[in-house]
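What the coordinates show
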Amino acid sequence: IVKWVDENGVEYTTMPGYDVELYAVTDFDVLTSDSVNKVYDGITETLSVVVNPTGEYTYQWYKDGVAIDGANESTYNVLNVADSGEYYCVVSSQYHSVVSDVIVVNIEKSTIDISEVEWDYTTPFVYDGTEKTVALVNVPNLVEVTYVDNAKTVAGEYTAVATLSYDEANYVLV
């Protein structure tokens, strides 16, 4: 042995008088999946790292420099607009760690077209003592409607109000 270093960083040029376990520390490569750039579609995208050579490694994923609790596998799933950011994974062996390349995730809000939504009222009601109701038609499936004052039983002029609810985090109405 020409030279070796113990776990405390002490260098030796001769073997000590006791048994020593020597380990070969090999480098490993970490390959990353492609970046994600899409409009929200409700489909999960999987970020991944592949380590060469194969072996026993631990993983810790980070988003925008902050460790993600519980993200300790070679893959990490993203889905929503809120998942947009810069991700990387720290892959560790028993001897050292390697930081993966950054995977950029950009998920834009999707649109919901409400241009065809309209009130179903087309002609004045003839009041006959039964309840008369107005409602919206052509409402997209991703939108829920809540009404206020859209049903009456007596004649008069009324204002009905419809409130549209949708997943505002991932969609925008157009």
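In this report, we go over the structure that sits alongside the text.

What counts and how
- Residues numbered from 1 in each chain as written.
- Predicted model: local features only at pLDDT ≥ 70, side-chain atom pairs only at ≥ 80, totals over all residues.
- Heavy atoms only, no water.
- Helix = DSSP H or I, 4+ residues; strand = E, 2+ residues; numbered from the N terminus.
- Buried < 20%, exposed > 50% of the residue type's maximum accessible area, 1.4 Å probe, protein only.
- Contact = heavy atoms within 4.5 Å.
- Areas by Shrake-Rupley, 256 points an atom, 1.4 Å probe, with all protein chains shown as cover.
- Patch = residues over 30% accessible without salt bridge, like charges linked within 9 Å, V, L, I, M, F, W, Y side chains within 5 Å.
- Salt bridge = Lys/Arg side-chain N within 4 Å of Asp/Glu carboxyl O.
- Pairing = 2+ DSSP bridges.
- Axes fitted to C-alpha atoms, helices over the stretch in contact; angles between N-to-C directions.
- Phe/Tyr/Trp six-rings, centres within 6.5 Å; stacked < 30°, edge-to-face > 60°.
- Core = buried A, V, L, I, M, F, W, Y, C linked by side-chain atoms within 4.5 Å.

1. Remarks on the overall build of the protein chain
Looking only at helices and strands, the protein chain has zero helices and 19 strands in total. Across the 174 residues that make up the protein chain, the buried fraction comes to 22%. In the protein chain, 48% of the contacts between residues at least 6 apart in sequence involve partners at least 24 apart. Accessible surface for the protein chain amounts to roughly 11,900 Å². Of this, 48% is attributable to carbon and sulfur atoms.

2. Points about the environment of Ala 135
Mapped onto the elements, Ala 135 comes out in the loop between strand E14 (132-133) and strand E15 (136-137). Discounting chain neighbours no more than four positions away, the residues touching Ala 135 are Glu 118, Trp 119, Asp 120 and Tyr 147.

3. Topic: unusual backbone geometry
With omega at 0°, the peptide bond leading from Asn 52 into Pro 53 counts as cis. When you line up the elements, Pro 53 lands in the loop between strand E5 (45-52) and strand E6 (58-63). Positive phi is not limited to glycine here, since Asp 64 has a value of about 50°. If you trace the backbone, Asp 64 turns up in the loop between E6 and strand E7 (66-67). Positive phi is not limited to glycine here, since Asp 149 has a value of about 60°. When its relative accessible area of 45% is taken as the criterion, Asp 149 is described as partly exposed.

4. Some thoughts on a nonpolar patch on the surface
On the surface, a nonpolar cluster with roughly 280 Å² of combined accessible area is contributed by Trp 119, Tyr 121 and Phe 125. Position of Trp 119 among the secondary structure elements: in strand E13 (residues 118-119). Assessed through its relative accessible area of 33%, Trp 119 is described here as partly exposed.

5. Focus: the sheet that holds strand E8 (residues 75-78)
One key point about sheets: their strands pair by backbone hydrogen bonds, in either a parallel or an antiparallel sense. Reading across the sheet, the three strands line up as E3-E5-E8 and stay open at both edges, with antiparallel pairing between neighbours. Here the strands that pair on one side only, and so sit at the sheet edges, are strand E3 (29-32) and E8. Sheet twist, expressed as the average angle between the axes of neighbouring strands with direction ignored, equals 20°. As judged from the four bridges shared by E5 and E8, these two strands associate in the antiparallel manner.

6. Here we look at the packing of aromatic side chains
The final tally for this structure, using the stated rule, is six aromatic pairs. Look at Phe 28 and Tyr 57: their rings are 4.8 Å apart centre to centre, the planes differ by 50°, and that puts the pair in the tilted class. Remark: Tyr 57 occurs in the loop between E5 and E6 and Phe 28 occurs in the loop between strand E2 (11-12) and E3; sequence separation between them is 29 residues. Judged by its relative accessible area of 5%, Phe 28 is buried. An aromatic cluster of at least three residues, connected via ring pairs, comprises Trp 61, Tyr 76 and Tyr 87.

7. With respect to the nonpolar core
Core analysis: the largest hydrophobic core is formed by 23 residues, its most contacted members being Leu 47, Trp 61 and Val 91. Elements with a minimum of two residues in this core: E5, E6, strand E9 (85-92) and strand E11 (103-108). With residues near it in sequence (within four places) discarded, Val 91 still touches Phe 28, Val 30, Val 49, Val 51, Tyr 57, Thr 58, Tyr 59, His 96, Ser 97 and Val 98.

Without other data, these values stay purely geometric and don't point to any function.
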